[in-house]
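# Structure assessment
Below are the chains, spelled out letter by letter.
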Amino acid sequence: MCSTPPGACPRPACRCGWSGPDQLPPGTYRLTFGTGAYLAAQHPGEPFFPEVTVTFLIDDQAAHYHVPLLLSPFGYSTYRGS
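Residues numbered from 1 in each chain as written. Predicted model: local features only at pLDDT ≥ 70, side-chain atom pairs only at ≥ 80, totals over all residues. Heavy atoms only, no water.

### Structural notes on the overall build of the protein chain
For the protein chain, the helix and strand inventory stands at one helix and four strands. Taken from N to C terminus, the helices and strands of the protein chain fall in the order β-α-β-β-β. Here the protein chain holds 82 residues, and 26% of them are scored as buried. For the protein chain, long-range pairs separated by at least 24 residues make up 46% of all intrachain contacts whose partners lie at least 6 apart in sequence. When the accessible area of the protein chain is evaluated, it comes to approximately 6,000 Å², of which 56% is carbon and sulfur surface. (Helix = DSSP H or I, 4+ residues; strand = E, 2+ residues; numbered from the N terminus. Buried < 20%, exposed > 50% of the residue type's maximum accessible area, 1.4 Å probe, protein only. Contact = heavy atoms within 4.5 Å. Areas by Shrake-Rupley, 256 points an atom, 1.4 Å probe, with all protein chains shown as cover.)

Written out as structure tokens, the structure is:
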């Protein structure tokens, strides 16, 4: 789920408004995935995880950071992707 208004991101390929690690200083960041609507559409009943927050550290502005979320109705997993 993205809270950035359409067209507000300066990068045309960006869907969420986040410009990437080259735009962020080193530090601790959080991504909150709005999973409730997706899970409700896939499985009947109230979703067990209406949102998932992932906290991570950016320590190298030149590095690529990909933070995937693997989601099932009653569990999730995340890792630093390539």
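### Brief notes about the packing of aromatic side chains
Counted under the stated rule, the structure contains four aromatic pairs. Ring centres 5.0 Å apart and planes at 80° place the aromatic pair Phe48 and Phe49 in the edge-to-face group. Note on Phe49: relative accessible area 17%, which makes it buried. Ring centres of Phe49 and Tyr76 lie 5.0 Å apart, and the angle between their planes is 85°; on these two criteria the pair is classed as edge-to-face. Highlighted residues: Phe49 in the loop between helix 1 (36–42) and strand 2 (52–58) and Tyr76 in strand 4 (residues 75–78), separated in sequence by 27 residues. On the accessibility criterion, Tyr76 (40% relative accessible area) is partly exposed. Members of the aromatic cluster, each reached through a chain of ring pairs, are Phe48, Phe49, Phe74 and Tyr76. Between Arg80 and the ring centre of Tyr65, over which it is positioned, the NZ or CZ distance is 4.2 Å. (Phe/Tyr/Trp six-rings, centres within 6.5 Å; stacked < 30°, edge-to-face > 60°. Lys NZ or Arg CZ within 6 Å of the ring centre and 35° of its normal.)

### Quick look at the confidence of the model for the protein chain
Across the protein chain, pLDDT averages 80, with 73% of residues at or above 70. Model confidence for the protein chain, summarised as mean pLDDT per element, is weakest for helix 1 at 92 and strongest for strand 4 at 96. Predicted confidence is poor over residues 10–14, with pLDDT under 50, and the contacts of this stretch with residues over four places away or in other chains come to four contacts. (pLDDT = per-residue confidence, 0-100.)

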